[in-house]
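Chains, contacts and geometry: an overview
So the chains spell out like this:
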Amino acid sequence: MTVGDKTKDELATLDMGIEGMSCASCVGRVERAIAAVPGVESVAVNLATERAHLTFANDGDRRGDVLKRVEEAVRQAGYQPAEQTIELSVDGMNCASCVGHVEKALRAVPGVVDATVNLATERASVKALTGGDLIPALVEAVEKAGYEASPLKSDDGDAAGHHDHMAMAKAQEQAQLRRSVLLAGALTIPLLVIEMGGHMVPALHHWLSGTFGDGNLRILSFVLATIVLFGPGLVFLRKGLPALLRGAPDMNTLVMLGAGAAWLYSSAATFLPGLLPEGTALTYFESGAVIVTLILLGRWFEARAKGRTGAAIRSLIALQPKTARVLREGRESDIPVEEVRPGDSVILRPGERVPVDGEVTEGSSFVDESMITGEPAPVRKEAGSLVTGGTVNGSGALRFTARKVGSDTLLAQIVRTVQEAQGAKLPIQAAVDRITLWFVPAVMGVALVTFLVWLFFGPSPALSFALVNAVAVLIIACPCAMGLATPTSIMVGTGRGAELGILFRQGDALQALRDVAIVALDKTGTLTRGKPELTDIEPATGFEANAVLRLIASAENRSEHPLGLAIVAAAKERGLALAEPADFASDAGRGVTATVEGRKVAIGGHRLLEQDGIDVSAFTGRAQALAEAGKTPLYAAINGRLAAVIAVADAVKETTPAAIRTLHELGLKVAMVTGDDRRTAEAVARQLGIDEIRAEVLPTDKAEVVKGLQKDGARVAFVGDGINDAPALAQADVGIAIGTGTDIAIESADVVLMSGDVMGVPRAIALSKATIANIRQNLAWAFGYNAILIPVAAGLLYPLWGVLLSPVFAGLAMALSSVSVLANALRLRRFKVET
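Residues numbered from 1 in each chain as written. Predicted model: local features only at pLDDT ≥ 70, side-chain atom pairs only at ≥ 80, totals over all residues. Heavy atoms only, no water.

A word on the sheet that holds strand E11 (residues 323-328). With respect to topology, six strands assemble into an open sheet ordered E12-E11-E13-E19-E14-E17, the strand pairing being antiparallel. Of all the strands in the sheet, the pair left with one neighbour each is strand E12 (331-336) and strand E17 (386-387). Here strand E13 (residues 345-348) pairs with strand E19 (residues 398-404) via four bridges, running antiparallel. Across the sheet, the residue bridging to Leu348 is Leu398, located in E19. (Pairing = 2+ DSSP bridges. Helix = DSSP H or I, 4+ residues; strand = E, 2+ residues; numbered from the N terminus.)

Shown next as structure tokens:
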């Protein structure tokens with residue numbers, strides 16, 4: 001696969017944080033600015049996460065220069081690249097030359113803007129773009145240069161610390177917005193009393209005029225409005241004016257122009273009324289102040305809602321404990337989880353969270369893995385079992401060997417996967433991007449036309465009408481809602497998926513999965529448990545089921561055949577004590593004979609028993625019925641007498657019937673792909689109500705089967721184990737890998753189901769449908785809001801019903817629009833599928 005004319009190996013990727021974006025037009029400007037930098041192959045900017053994903057030439061010598069140009073381009077566009085400072089301890093340096101080597105190595109790491117190393121303190125201070133965990137790459141770069149490095153304790157030192165830092169920054173932003181809203185509100189309320197209160201309550205107007213005088217009231221209004229506009233509202237001027245001067249106006253520009261025009265006009269009416277036509281020296285100080293206050297209020301609510309959209313990621317990160325109890329050199333000690341190394345022996349006490357991924361060596365317990373897989377039932381762990389970082393130990397004590405630590409753990413992979421999906425752009429976003437490129441300039445054009453039409457054709461006082469309606473147009477437009485419509489839904493939807501054990505490796509899989517018409521499922525290990533199990537045992541007259549099972553399991557105890565292992569496992573599950581067999585003999589294709597506690601036991605097909613003269617006709621009909629049900633019937637004989645008929649099968653998972661039923665309820669066609677013989681496949685299909693069967697298919701031919709299902713243009717999702725089914729997963733429109741815990745192959749599909757529950761398939765599809773529906777609702781609101789209210793603000797209804805939209809109500813509507821979009825997206829946090 002290539003990007004442009006370069007292969008993946010020739011490209012590097014980077015996520016960088018960008019501050020100051022407030023609407024969809026901001027996104028377009030940042031993308032265009034970065035894309036114009038030589039060396040950048042592609043860029044995608046996400047408003048909700050405030051991050052840009054870059055693909056650029058993987059050239060270590062030029063990488064730093066490219067990043068510096070990217071930073072400068074972002075700044076020239078009027079925004080700030082978010083930066084972090086990472087402190088490292090560096091060992092092994094002894095001269096200035098060493099310092100130069102380390103600095104050069106650090107500066108070559110993607111994302112690093114600058115690095116300085118102090119020989120005296122043996123520390124490195126790295127200035128880097130935010131957006132990813134750079135610690136491992138920095139440490140590796142220093143080690144390759146011939147030195148040793150380790151992160152100093154810092155807020156930015158690890159993924160959790162980075163998110164803590166980001167959370168702190170967001171909290172500070174919310175606190176600042178809250179202070180601005182309170183100050184602006186405290187100053188705006190008296191303005192409303194003076195201006196609007198006087199109009200609505202004539203007695204109040206007369207009292208104010210008689211007490212303070214009209215001139216003094218206007219001056220007081222000017223003072224209050226000026227403090228609001230150039231105090232809390234100064235942010236709009238600082239960001240909006242430079243954007244206007246660059247020819248790239250944004251939402252801040254609209255607010256600045258709208259509120260500023262109202263303030264300037266009112267100031268002229270107050271201090272230089274002679275400059276205005278007679279009868280037009282009116283003041284609108286309250287409009288500008290209320291606009292600023294309401295939009296700041298909306299941004300405060302928006303910031304709080306944005307914080308909740310990333311709740312799933314924060315909750316995932318919070319799953320990893322800060323410390324681990326490790327046994328080293330015969331001594332137990334609690335160490336920071338970052339210092340755990342592969343091969344360490346980790347001790348896990350009852351009720352503790354598992355710090356890293358590993359393999360149990362001692363003890364047994366039940367572990368709650370619901371936060372990873374979405375499955376509520378605890379899983380038994382004993383020697384040889386795998387444990388996953390972030391899961392919760394039950395009442396038993398475990399000792400395990402650390403296998404994967406740091407960024408290699410499953411939890412870290414999940415966090416990265418969700419973050420990547422949240423930063424993706426869906427195809428539906430492309431149309432939004434095209435529109436928002438011209439949206440703000442178009443609004444300014446409509447405002448200018450509105451002003452001119454009312455000025456030349458409006459009733460008296462025409463100038464006042466022209467100003468008020470033009471300001472209303474500027475204020476009512478809300479590119480924020482348009483820009484947030486898609487990414488916020490993606491963030492919340494993919495986050496909710498992670499909580500349910502559903503990982504969307506690609507954000508666009510959300511949209512592709514919604515359009516699937518056929519779901520093709522591999523049988524073994526997906527619809528079924530993936531290994532033979534004893535499903536039936538029917539004893540003959542004079543025999544008891546458990547007694548027969550104990551004897552035949554004892555006979556099979558030396559067998560390595562999968563059917564024999566299934567019989568032994570069933571006896572052990574029932575707590576039956578097995579005896580040591582004697583005279584064990586295995587006849588390939590027929591069965592097993594042995595002597596157990598002095599009794600001759602035979603277990604196998606009818607030919608094995610018939611060669612010993614044992615009549616099986618009493619169970620022939622029953623055996624036929626079991627075979628037609630897709631099971632393997634076997635006969636058991638004890639001391640030459642027919643004792644029982646049993647059946648072994650790869651049993652269907654308990655949740656499979658509900659999953660198939662739910663897929664049908666979603667309007668989907670279900671196909672089963674299997675290498676089993678057709679009779680067995682048809683039996684399973686009848687049991688589950690599957691629509692199409694593709695049986696006796698070799699693993700290498702599964703992709704061709706998927707291609708056949710796609711031939712009429714139908715979109716197909718293929719569900720497999722993510723390892724053996726890779727070609728089919730790649731061929732399908734959406735590949736869904738299903739597995740359990742650390743056995744899962746995360747890189748093999750578009751969607752990964754962390755548990756072995758096939759119910760995750762309809763959950764993923766239903767979540768996709770819900771998320772895309774949520775996005776469409778958001779877009780309908782955002783575009784519909786602007787399409788309807790901008791003409792109203794321009795005065796379209798005035799000739800018919802004399803209705804005009806006050807700039808105050810325009811500001812209120814604008815403030816609430818993006819909050820409404822965010823609130824709608826947050827509904828996805830409550831998503832669930834009824835089974």
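Moving on from the coordinates now.
Glancing now at the UniProt feature "transmembrane region" (unreviewed entry) in the protein chain. In the UniProt entry, the feature "transmembrane region" (unreviewed entry) is given for residues 180-199, 219-241, 253-276, 282-301, 435-457, 463-486, 779-798 and 804-826. Taken as a whole, residues 282-301 contains 85% helix and 0% strand, while its terminal C-alpha atoms sit 33 Å from one another. (UniProt positions renumbered as here; feature names shortened; annotations may be inferred.)

Once that is clear, we can look at the packing of aromatic side chains. Given two aromatic rings, one states the distance between the centres and the angle between the planes to describe the pair. Evaluation of the coordinates by the stated rule reveals ten aromatic pairs. Between Phe222 and Trp263, the aromatic rings sit 5.9 Å apart at their centres with planes inclined by 25°, giving stacked as the arrangement. Here Trp263 lies in helix H9 (residues 251-271) and Phe222 lies in helix H7 (residues 214-230), a separation of 41 residues in the sequence. Residues Phe222 and Trp263 agree in their burial class; the two are buried. Plain terms: the ring middles of Trp454 and Phe465 are 5.5 Å apart, the flat faces sit at 20° to each other, and that makes the pair stacked. In this pair, Trp454 is assigned in helix H14 (residues 427-457) and Phe465 in helix H15 (residues 462-476), connecting sequence segments eleven residues apart. Residue Trp454 is classed as buried on the basis of its relative accessible area of 7%. Through a chain of ring-to-ring contacts, the aromatic side chains of Phe222, Phe230, Trp263, Phe271 and Phe285 assemble into a single cluster. We note Arg304 situated over the ring of Trp300; from NZ or CZ to the ring centre the distance is 5.5 Å. (Phe/Tyr/Trp six-rings, centres within 6.5 Å; stacked < 30°, edge-to-face > 60°. Buried < 20%, exposed > 50% of the residue type's maximum accessible area, 1.4 Å probe, protein only. Lys NZ or Arg CZ within 6 Å of the ring centre and 35° of its normal.)

Packing of helix H27 (residues 760-794) against helix H29 (residues 807-826) brings their axes to within 9 Å, and their N-to-C directions diverge by 170°. One finds that H27 runs roughly antiparallel with respect to H29. Contacts between H27 and H29 pair Asn774, Gln777, Asn778, Trp781, Tyr785 and Leu789 from the former with Ala810, Ala813, Met814, Ser817, Ser820, Val821, Asn824 and Ala825 from the latter. Taken together, the residues that form the contact of H27 with H29 break down as eight nonpolar, six polar and no charged. (Axes fitted to C-alpha atoms, helices over the stretch in contact; angles between N-to-C directions. Parallel < 35°, antiparallel > 145°, perpendicular 65-115°, else oblique. Contact = heavy atoms within 4.5 Å. Nonpolar A, V, L, I, M, F, W, Y, C, P; charged D, E, K, R; others polar.)

To continue, consider the side chain of Ser464. In this structure, Ser464 sits in helix H15. A distance of 3.1 Å separates a polar atom in the side chain of Ser464 from a polar atom in the side chain of Tyr265. Sequence-distant contacts of Ser464, that is, excluding residues within four places in its chain, are made with Tyr265, Thr280, Leu282 and Tyr284. (Polar contact = N/O pair within 3.5 Å; in protein donor to acceptor, adjacent residues only side chain to side chain.)

Here the focus is helix H4 (residues 135-144). When we look at burial in H4, the residues that qualify are Ile135, Leu138, Val139, Ala141 and Val142. Looking straight down H4, one finds that the buried residues subtend no more than 160° of arc, so they occupy a single side. Positive backbone phi, at 105°, marks Gly146, one or two positions downstream of H4. (Arc of directions from axis to C-beta.)

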